[in-house]
Amino acid sequence: RLRNNERFYPVMAQHAYPETRAAAYAWLKVHFDDLRKKLGEHGGAVLLSAPGNLCSEAEARDVEQTFASRTQDVMGGPRQLALAVESIRLCAAFEAAQGEKARASLKALPQKAPPKTGR
């Protein structure tokens, strides 16, 4: 029921949240080809940016292996795939180098009460 220009938003949104990212990526691997056809020439490349929110070397390899052959006929596909994989690897490198320090710093911050919504 979504228009073509709206179909990639749910996929992107689900990849944005750590709680839903793994399930969204598993779904994208299965449904990429069908959704790419519905999204048209430019939409396929947009879809390839969704896995860029993953954050491990194993996931980077999986994204490369899963989509490398499936993106050759997508306009801008190989480049978008390379950008997504680079983003994943940068996140993994940051996590390895600074993850524990960042978590410790965040734990040291004073906890604020959530804002009242008036309900």
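A quick note: this is a predicted structure, and the numbers were derived from the prediction, not measured.

1. Considerations on the pattern of salt bridges
Tallied over the entire structure, the rule returns eight salt bridges. Asp33 is the partner of Arg70 in a salt bridge, and the nearest nitrogen-oxygen pair spans 3.1 Å. In this pair, Arg70 sits in the loop between α3 (57–67) and α4 (77–108) while Asp33 sits in helix α2 (residues 18–47), placing the two residues 37 residues apart along the sequence. Of the residues examined, Asp33 reaches a relative accessible area of 28% and is grouped as partly exposed. The salt bridge partner of Glu57 is Arg61, with a shortest N-O separation of 3.7 Å. Taken as a pair, Glu57 and Arg61 lie in helix α3 at a separation of four residues, close to a single helical turn.

2. Considering the nonpolar core
Counting residues in each nonpolar core, the largest one holds 17 residues, and the members touching the most others are Val11, Leu28, Phe32, Leu47, Val63 and Phe67. In terms of residues, this core owes the most to one element, α2, which gives six residues. Apart from the residues lying within four places of it in its own chain, the contact partners of Phe67 are Tyr25, Leu28, Lys29, Phe32, Leu48, Pro51 and Leu81.

3. Some remarks on α4
Of all bends in α4, the biggest is about 65°, found at Gln98. Within α4, the full set of buried residues consists of Gly77, Leu81, Ala84, Val85, Ile88, Ala92 and Gly99. Residues of α4 that are buried sit in contact with α3.

4. Considerations on the packing of helix α1 (residues 8–16) against α2
Contact geometry of α1 with α2 gives a least axis separation of 8 Å together with a crossing angle of 150°. In this view, α1 runs roughly antiparallel relative to α2, as classed from their interaxial angle. The hand of the α1/α2 crossing is left-handed. Contacts from Phe8, Val11, Met12, Gln14, His15 and Ala16 of α1 reach α2 at Pro18, Thr20, Arg21, Ala24, Tyr25, Trp27, Leu28, Leu35, Leu39, Val46 and Leu47. Looking at side-chain class alone, the contact of α1 with α2 contains 13 nonpolar, three polar and one charged residues.

5. As for the state of the cysteines
Working definition: the covalent bond between the sulfur atoms of two cysteines is a disulfide. Counted according to the given criterion, the structure contains one disulfide. Covalently, Cys55 is tied to Cys91 through a disulfide, its sulfur atoms 1.9 Å apart. The disulfide joining Cys55 to Cys91 has a torsion of about -90° about its S-S bond and is therefore left-handed. Taken together, the residues span a long stretch of sequence, with Cys55 in the loop between α2 and α3 and Cys91 in helix α4 at a distance of 36 residues.

Rules and cut-offs
Residues numbered from 1 in each chain as written. Predicted model: local features only at pLDDT ≥ 70, side-chain atom pairs only at ≥ 80, totals over all residues. Heavy atoms only, no water. Salt bridge = Lys/Arg side-chain N within 4 Å of Asp/Glu carboxyl O. Helix = DSSP H or I, 4+ residues; strand = E, 2+ residues; numbered from the N terminus. Buried < 20%, exposed > 50% of the residue type's maximum accessible area, 1.4 Å probe, protein only. Core = buried A, V, L, I, M, F, W, Y, C linked by side-chain atoms within 4.5 Å. Contact = heavy atoms within 4.5 Å. Bend = angle between axes of the 7 residues up to and from the residue. Axes fitted to C-alpha atoms, helices over the stretch in contact; angles between N-to-C directions. Parallel < 35°, antiparallel > 145°, perpendicular 65-115°, else oblique. Left-handed = near helix turned anticlockwise from the far one by under 90°. Nonpolar A, V, L, I, M, F, W, Y, C, P; charged D, E, K, R; others polar. Disulfide = S-S within 2.5 Å.

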